[in-house]
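Next come the chains, spelled out residue by residue.
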Amino acid sequence: MAQQSDHFKKVVAHCKEYGFIYQSSEVYDGLAAVYDYGPYGSELKNNLKQYWWKSMVQMHENIVGIDAAIFMHPKTWKASGHVDAFNDPLIDNKDTKRRYRADQLIEGYVEKIQGKIDKDVAKAEKRFKENFDKEKYLAESPKVLKYKGQISEVMDRFTKAMSAENMEELKAIIDDYEIADPESGSRNWTDVRMFNLMFSTQLGNIAGEEGKLYLRPETAQGIFVNFLNVQKTTRQKIPFGIAQIGKAFRNEIVARQFIFRMREFEQMEMQFFVRPGEEMKWYEYWKEARMKWHLALGHPAEKLRYHDHDNLAHYANAALDIEFEFPFGFRELEGIHSRTDFDLSRHQELSGKKMQYFDPEVDKNYVPYVVETSIGCDRMFLATISNALVEEQVPGQDDPKNVRDVLKLHPAIAPVKVAVLPLKRNDERLVKAAKDIYQRLSLSHNCQYDDTGSIGKLYRRQDAIGTPFCVTVDFEHLDDGTVTIRDRDTLSQERVSIEELERIVDERVNMRQLFL
Ligand code: GAP
């Protein structure tokens, strides 16, 4: 993982140290770009999925959920275009034997030039101080204009080569601009060739090509082929949606940046079936709705932005990404795509079965158009945890040594909602009382009982896994039945009765908070 920012390194280390994410098969030195979620990671991931499912399925009368199989009839992938066109351009370095995506090498080159512009602007800003006019400088500085010219020259050639799938031209760009292997600096490249990203396997009872199966590279096709089953069995009327959460597999050539680009990952996708001609209205609706969903979780607005696709896929008439500012820069977090009637029409063509809907309002049969929202669950996890992890001075303490790592997760998605801690672990009465409270709260929430260290140490550990509330059972409890509840972010402590404690916790960690 080259060029990691310090924060990113910290996020990766934190995920491992606190049981959020482990490298898959670590005892065998791991499997590249495959990861396992540990105890806190799986809780957090489940909560993110629940938040998505609740807002997309349970809170929309006209959206229903399914859980389709990972294996699908091989014709599915012919129809969807994945067999012929789900390719990345790859290039090998002959010296290092390392494999790269040619498009990413070129984009990396452009990012480097952009970096020079940013550096130049920062220098000028320092020099001219309050007299600095950034807009004017960007528009007039000869140095900046030279760099901008270089970027548009490369990007122009690159966009044309990508849309024409011209591999020779991609290679020529790499040669002409002397783009080197980022690891070794070598420019000894092979030709660029297309590489299909689908994993394949074989059906047990059919030999050869006919028995070839693919692991689905997106969950969406399980929705498309079930469109009529679902519509008929749920009597939904257009517009309506079908949602699904499930695994997807892509044999990514360059799989770096931790769980950002994985070979096995999870998607949360929703296909919204609409009347042809109304797709842009729904595209705008979902664009807004999905951004609100992200903001409600507490992600700062400045870390989220829309990015319209420059090159539309042949089946789309509009597409954008919701990008998030990961520790390594703004990258795609979610895609919103207006996919026209491409997928249903293709399945109709290859299966010979009608994929039409009778619309009583217009008295017509038609193949519906589709607006899709598609988000990677793991990418959402990375966005959430990298935004939440903060190293800060412990509130109210001046000693610079008193810093803490805290995961400032929204309480509704925190892996553990409440930690119950006896003030003294060798006092049987306190231990028993704390365990009773833990049992009681566990009926409704994921809680923890912990007496393995001093209270200060236990608080730090709960901060690091993002537990919003710690309940301390002290000697006063034995007299009046009260406990203290400590807030993770403010460190304020309230003394409350057990009934109040249950009410406070129920209210503050409820997923309802995300929809108010
Ligand atoms: N059905 C449309 C579709 O699959 P996509 O833009 O290829 O569109 C949608 O993928 C989302 O899936 C992305 O925005 C990203 O969050 C996630 N995703 C895609 N490839 C991924 C990978 N290799 N690892 C992790 N997440 C990935």
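Since this is a predicted model, take the numbers as computed values, not measurements.

K.L.:
What am I meant to see in the environment of M162 here?
P.N.:
Tracing the backbone through its elements, the reader meets M162 in helix α7 (residues 142-163). Taking the relative accessible area as the measure of exposure, M162 reaches 29% and is therefore partly exposed. Remark: the alpha-carbon pair of M162 and A313, spanning 151 residues in sequence, is separated by 11 Å. For M162, the contacting residues outside a window of four places in its chain are P89, D103 and L170.

K.L.:
Would you mind going over the site of the ligand with me for this structure?
P.N.:
Residues in contact with the ligand amount to 21 residues; listed here are only the nearest, E218, E252, M262, E269 and E332. The separation between a nitrogen atom of the ligand and a polar main-chain atom of M262 is 2.8 Å. E372 has a polar side-chain atom sitting 2.9 Å from a nitrogen atom of the ligand. For the ligand, whose accessible area on its own is 550 Å², the fraction buried by protein is 91%. Elements that contribute at least two residues to the shell around the ligand include exactly β10 (264-274), β13 (329-338) and β16 (369-376). Broken down by element, the shell around the ligand gets its largest block of residues, five residues, from β13. Grouping the constituent residues of the shell around the ligand by class yields six nonpolar, five polar and ten charged.

K.L.:
Looking at this structure, how should I read the sheet that holds strand β22 (residues 482-487)?
P.N.:
Each strand in a sheet pairs with its neighbour through backbone hydrogen bonds, running either in the same direction (parallel) or in the opposite one (antiparallel). The strand order across the open sheet built from five strands is β20-β19-β21-β22-β23, with neighbouring strands paired in mixed fashion. The two strands at the open ends of the sheet, each matched to only one other strand, are β20 (447-449) and β23 (493-497). Pairs of neighbouring strands in the sheet enclose a mean axial angle of 25°, with direction left out of account. Where β22 lies against β23, five bridges are found, and the strand directions are antiparallel. Its bridge partner lying in β23, T484 is registered against R495. In the packing of helix α15 (residues 455-465) onto the sheet, contacts are made with β19 (418-422), β20, β21 (469-473), β22 and β23, and the angle to β19 comes to roughly 170°.

K.L.:
Help me understand the environment of M291 in this model?
P.N.:
Examined against the element boundaries, M291 turns out to sit in helix α11 (residues 279-296). Put simply, M291 and E153 are 138 residues apart on the chain and 33 Å apart in space, counted from C-alpha to C-alpha. Discounting residues that sit within four places of it in the chain, M291 has contacts with L304, R305, Y306 and I322.

K.L.:
Could you clarify how one ought to interpret a positive patch on the surface in this entry?
P.N.:
A contiguous patch of positive charge, built from K112, K116, K146 and R187, is present on the exposed surface. Here R187 lies in the loop between α8 (167-176) and β6 (193-196).

Each value, and the rule that gives it
- Residues numbered from 1 in each chain as written.
- Predicted model: local features only at pLDDT ≥ 70, side-chain atom pairs only at ≥ 80, totals over all residues.
- Heavy atoms only, no water.
- Helix = DSSP H or I, 4+ residues; strand = E, 2+ residues; numbered from the N terminus.
- Buried < 20%, exposed > 50% of the residue type's maximum accessible area, 1.4 Å probe, protein only.
- Contact = heavy atoms within 4.5 Å.
- Near = heavy atom within 4 Å.
- Polar contact = N/O pair within 3.5 Å; in protein donor to acceptor, adjacent residues only side chain to side chain.
- Areas by Shrake-Rupley, 256 points an atom, 1.4 Å probe, with all protein chains shown as cover.
- Nonpolar A, V, L, I, M, F, W, Y, C, P; charged D, E, K, R; others polar.
- Pairing = 2+ DSSP bridges.
- Axes fitted to C-alpha atoms, helices over the stretch in contact; angles between N-to-C directions.
- Patch = residues over 30% accessible without salt bridge, like charges linked within 9 Å, V, L, I, M, F, W, Y side chains within 5 Å.
- Salt bridge = Lys/Arg side-chain N within 4 Å of Asp/Glu carboxyl O.
- Lys, Arg positive; Asp, Glu negative; His and termini not counted.
- Charge placed at Lys NZ, Arg CZ, Asp CG, Glu CD.

It is worth stressing that arrangement in space is one thing and function is another; only the former is reported here.
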